[in-house]
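Okay, here's what each chain looks like letter by letter:
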Amino acid sequence: MNVAVLSSLFIFFSLACFQRLSAKTLAVKEGEQALFPPRGWNSYDSFSWIISEEEFLKNAEIVSQRLHPNGYEYVVIDFLWYRRKVDGAFTDSVGFDVIDQWGRMAPDPGRWPSSHGGKGFTEVANKVHQMGLKFGFHVMRGISTQAVNANTPILDSIKGGAYEEAGRQWTAKDIALTHRTCKWMPHGFMSVNTSLGAGRAFLRSLYAQYAEWGVDFVKHDCVFGDDLDIDEITVVSEVLKELDRSIVYSLSPGTSVTPAMAQKVNGLANMYRITGDDWDSWGDVVAHFDISRDLSAANMIGAEGLLGKSWPDMDMLPLGTLTDPGSNEGPHRKARLTIDEQRTQMTLWCMAKSPIMFGGDMRDLDDPTYQLLTNPILLEIDSSSSDNREFPSVTALNGPGTGKRIISRRIRKYLTDKSDSRVLGLTSCEDSKPDGWSVRTLDQDLAQICWNDDSGSRYQAPFCLYKRKLPLASDADSINNQNYQGKHHLLATYGMELCLDASSNRKLAAKEFNRGSFSPCKWDANQMWVLNNNGTLLNSHSGLCATLNTEQDVSGGIRGWIATGEKGQIYVAFFNLNSEKTTISANISDLDEALPGRNLKEGSCKGSEVWSGNDLGTVGGSVSMALETHACALFVLNCSG
């Protein structure tokens, strides 16, 4: 029997063993959470918010039959499971939600009939557990506007009954921060005052109930990225530590995330989004390359997490049969990414060890999508590889950027006309970028806050905003006055009643910048700013700092990633982001430099390429492949030395 046949048999039996063991391998050890990137299915990409109990359980059943053997274990209901599906109900509508006497969200019994009688999701969770899976759902920040309007009492889940302190019972209006609403659902939810015992008690009552229902996974939205609420994340994390039930804790959304911001939360959670919503567009796929590179370089992949590890989350995979963003419809169309683009997405997600959450309708799972989701080499990389990082020493042998070694740079363009490509962004105040703001006094009563532009461009005027003291708050907001002394509104034009908002008033896709926006001035933390002595401009809604970025073209170029397998194999991925066919190459000597101690040299490696199925045999001084537009290559190298 020749060597090639023996090699093929070895790979076949190894992959078969991996598939049989993957579900067991990914199981969480007692007392430890998310030791591997969580893997499962989420309803959002295919059902938006309108999924029913029958539809959810059918999808879960198919997950248990077809994906669970490959380590997919979570089935997650995304947002608004408490909203009645009636005329007039949509993402930011008011008055259509089901809440209990304590102001907590309850499943809509019209869509979730087993919740009748105050049973919540208990029966759904039990059925999911009987399938061998774990049950999760999506929740929003803080408390709902509907509960605040009803002024529901706060439950003391420790003592039972209404929460009492200082000789009185506390209600929703006592803890609600009406000036800190969720920016992309402003009529739906707002933060709670976690400095109050009643505010902490409300959050504790939520998660205690989730544990009683049998929840294993919570996706907590509107608390991260541009909407960062570190106080609420911290309180929820502490509550989860106290529960008798293990619950994996996920944060969302991920707009404006930086390594410094990730370092604020990784120890408090198990996964956290790193971009806006990922949909089936090439721009959304490309948007993940830079941020995943930055987080891997900062050693955030598999860093310490809540009772275990934490993972940068690149969002659900919008493959198969989908709905549309913000839709009131269920699944009705096929994914728009080409098969090459889908392979690129799945390969990047796995090389960066992102959680893998499939978003398509399981009832219409086609074979190409199934084969991609269950590719054993990709899943092994996602769960078991190490040293995962971008490998910049790749060369384009033809096409755009021919002969350039490092194409994974950001492309910075300064315009030669008077167009302004600058966009306002948010970042962690600990980053080095945001300390470029200063005051420019115009007269005794008028001043601007300006960005000190060091770009060297003589074609752009300084970026400045007019500052104005906050107006007096209404009586309802006066309790918060002391928290906002010294803060300012920022206006684009003096005298104009339009103030700068830090966060977008809608959900952003991964490819979109947060450009900042102006809206009528109001008493809202999203419009409150303070200029610190160190030159940072701090926003009161998220605690993030403003920075000015040049909008960059990241639509082209080539990228490379590397990782090391459990048995010493080397994984090398090439990505062609160009709009034309490009040949990409990497030298074995550069791999040796990137992997100290391996002593790699010409002729020391044998390999294969996953997507073509090609056996490379003995590799000479380099590996290379011609890749179609937006395609990728994944090499598996077994090297001696």
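The structure reproduced in this document is the subject of the present report.

Cut-off values and rules
- Residues numbered from 1 in each chain as written.
- Predicted model: local features only at pLDDT ≥ 70, side-chain atom pairs only at ≥ 80, totals over all residues.
- Heavy atoms only, no water.
- Pairing = 2+ DSSP bridges.
- Helix = DSSP H or I, 4+ residues; strand = E, 2+ residues; numbered from the N terminus.
- Axes fitted to C-alpha atoms, helices over the stretch in contact; angles between N-to-C directions.
- Contact = heavy atoms within 4.5 Å.
- Core = buried A, V, L, I, M, F, W, Y, C linked by side-chain atoms within 4.5 Å.
- Buried < 20%, exposed > 50% of the residue type's maximum accessible area, 1.4 Å probe, protein only.
- Phe/Tyr/Trp six-rings, centres within 6.5 Å; stacked < 30°, edge-to-face > 60°.
- Polar contact = N/O pair within 3.5 Å; in protein donor to acceptor, adjacent residues only side chain to side chain.
- Parallel < 35°, antiparallel > 145°, perpendicular 65-115°, else oblique.
- Left-handed = near helix turned anticlockwise from the far one by under 90°.
- Patch = residues over 30% accessible without salt bridge, like charges linked within 9 Å, V, L, I, M, F, W, Y side chains within 5 Å.
- Areas by Shrake-Rupley, 256 points an atom, 1.4 Å probe, with all protein chains shown as cover.
- Salt bridge = Lys/Arg side-chain N within 4 Å of Asp/Glu carboxyl O.
- Right-handed = clockwise from strand over helix to strand, strands pointing away.
- Disulfide = S-S within 2.5 Å.

As for the sheet that holds strand E29 (residues 558–564)
On the basis of which strands lie adjacent, the open sheet formed by 6 strands has the order E17-E29-E30-E35-E32-E33 and antiparallel pairing. With partners counted over all chains shown, the strands left at the sheet margins are strand E17 (386–390) and strand E33 (615–619), one partner each. The mean angle between the axes of side-by-side strands here comes to 20°, regardless of whether they run parallel or antiparallel. Here E29 runs beside strand E30 (residues 570–576); their pairing, made up of 7 bridges, is antiparallel. Bridge pairing in E30 places Arg559 opposite Phe575. Contacting E17, E29, E30 and strand E35 (632–639), helix H12 (residues 339–351) runs over the sheet at an angle of about 140° to E30.

What to know about the nonpolar core
In this structure, Phe56, Trp81, Phe135, Phe137, Ile143 and Tyr207 are the most contacted members of the largest nonpolar core, which totals 139 residues. When neighbours within four sequence positions are excluded, Tyr207 is seen to be in contact with Val139, Val218, His220, Val236, Val239, Leu240, Leu243 and Tyr249. Within the second largest apolar cluster, 25 residues are counted, among which are Phe574, Ile588, Met625 and Ala631.

Let's talk about the pairing of strand E23 (residues 488–491)
The side-chain alternation of E23 yields two buried faces, one formed by His488 and Leu490 and the other by His489 and Leu491. Here strand E22 (residues 464–469) runs beside E23; their pairing, made up of 4 bridges, is antiparallel. Bridge pairing in E23 places Tyr466 opposite Leu491.

What to know about the packing of aromatic side chains
This model, assessed by the stated rule, comprises 26 aromatic pairs. For the pair Phe56 and Trp112, a centre-to-centre distance of 6.0 Å together with 65° between the ring planes defines the contact as edge-to-face. In this pair, Phe56 is assigned in helix H3 (residues 53–67) and Trp112 in the loop between strand E2 (74–77) and helix H4 (122–130), connecting sequence segments 56 residues apart. The same class applies to Phe56 as to Trp112, namely buried. When the centroid spacing of 5.8 Å and the interplanar angle of 85° are considered together, the rings of Phe121 and Trp213 count as edge-to-face. You can see Phe121 sitting in the loop between E2 and H4 and its partner Trp213 sitting in helix H7 (residues 197–213), a full 92 residues away along the chain. Owing to a relative accessible area of 0%, Phe121 belongs among the buried residues under this scheme.

What about the side chain of Asn270?
Counting through the fold element by element, Asn270 comes out in the loop between helix H9 (259–265) and strand E11 (271–273). Its relative accessible area of 0% is what places Asn270 among the buried residues. Side-chain polar atoms of Asn270 contact the side chain of Gln33, separated by 3.1 Å. One polar contact links the side chain of Asn270 to the main-chain carbonyl oxygen of Leu306, over a distance of 2.8 Å. Once you skip the residues sitting within four places of it in the chain, Asn270 turns out to touch Gln33, Ala34, Ile247, Val248, Tyr249, Gly305, Leu306, Lys309, Ser310 and Trp311.

Considering the sheet that holds strand E10 (residues 248–251)
Strand pairing in a sheet takes place through backbone hydrogen bonds and is either antiparallel or parallel in direction. If you trace the 9 strands from one edge of the open sheet to the other, you get E12-E13-E11-E10-E9-E3-E2-E1-E16, paired in mixed fashion. In this open sheet, the two edge strands, each paired with only one partner strand, are strand E12 (303–305) and strand E16 (356–358). Taken pair by pair, the neighbouring strands of this sheet meet at an average axis angle of 30°, ignoring direction. Packing against the sheet, H4 makes contact with E2 and strand E3 (134–139), and its axis sits at approximately 140° to E3. Sheet contacts for helix H8 (residues 230–242): strand E9 (217–220) and E10; angle to E10, the most-contacted strand, approximately 170°.

A short note on the packing of H3 against H4
Two elements in contact, H3 and H4, have axes separated by 10 Å at closest approach and are oriented at 15°. Between H3 and H4, the angle falls in the class roughly parallel. Viewed along their axes, H3 and H4 form a crossing whose handedness is right-handed. Residues Glu53, Phe56 and Leu57 of H3 pack against Val124, Lys127 and Val128 of H4.

Structural notes on the side chain of Ser250
Inspection of the secondary structure assignment puts Ser250 in strand E10. For Ser250, the contacting residues outside a window of four places in its chain are Phe217, Val218, Lys219, His220, Met271 and Asp313.

Considerations on a nonpolar patch on the surface
Residues Met496, Leu498 and Phe518 make up a contiguous nonpolar surface patch of roughly 220 Å² in combined accessible area. With respect to the secondary-structure elements, Met496 resides in the loop between E23 and strand E24 (498–501).

A look at the pattern of salt bridges
In the structure shown here, the tally under the stated rule is 26 salt bridges. Put simply, Arg83 and Asp97 hold a salt bridge, and the shortest N to O gap is 2.6 Å. One end of the pair, Arg83, is in the loop between E2 and H4; the other, Asp97, is in the loop between E2 and H4, with 14 residues separating them in the sequence. In this pair, the class of Arg83 matches that of Asp97, namely buried. One network of salt bridges, with partners in common, ties together Asp290, Arg293, Asp294, Glu390 and Arg559.

What about the pairing of E3?
Of all 6 residues in E3, 5 are buried; the element is thus mostly enclosed. For the handedness criterion, the β-α-β arrangement of E2, H4 and E3 is classed as right-handed. Note: E3 against E9, 4 bridges, orientation parallel. Paired with His138 across the two strands is Lys219, which belongs to E9.

Some remarks on the state of the cysteines
As used in these notes, a disulfide is a covalent bond between sulfur atoms, one from each of two cysteines. A full pass over the atoms with the stated rule returns 5 disulfides. Sulfur-sulfur distance for the disulfide between Cys182 and Cys222 comes to 2.1 Å. Taking the torsion about the sulfur-sulfur bond, which here is approximately 105°, the covalent link between Cys182 and Cys222 counts as right-handed. Taken together, the residues span a long stretch of sequence, with Cys182 in the loop between strand E7 (176–181) and strand E8 (189–192) and Cys222 in the loop between E9 and H8 at a distance of 40 residues. Owing to a relative accessible area of 0%, Cys182 belongs among the buried residues under this scheme.

These figures come from the coordinates and say nothing about function on their own.
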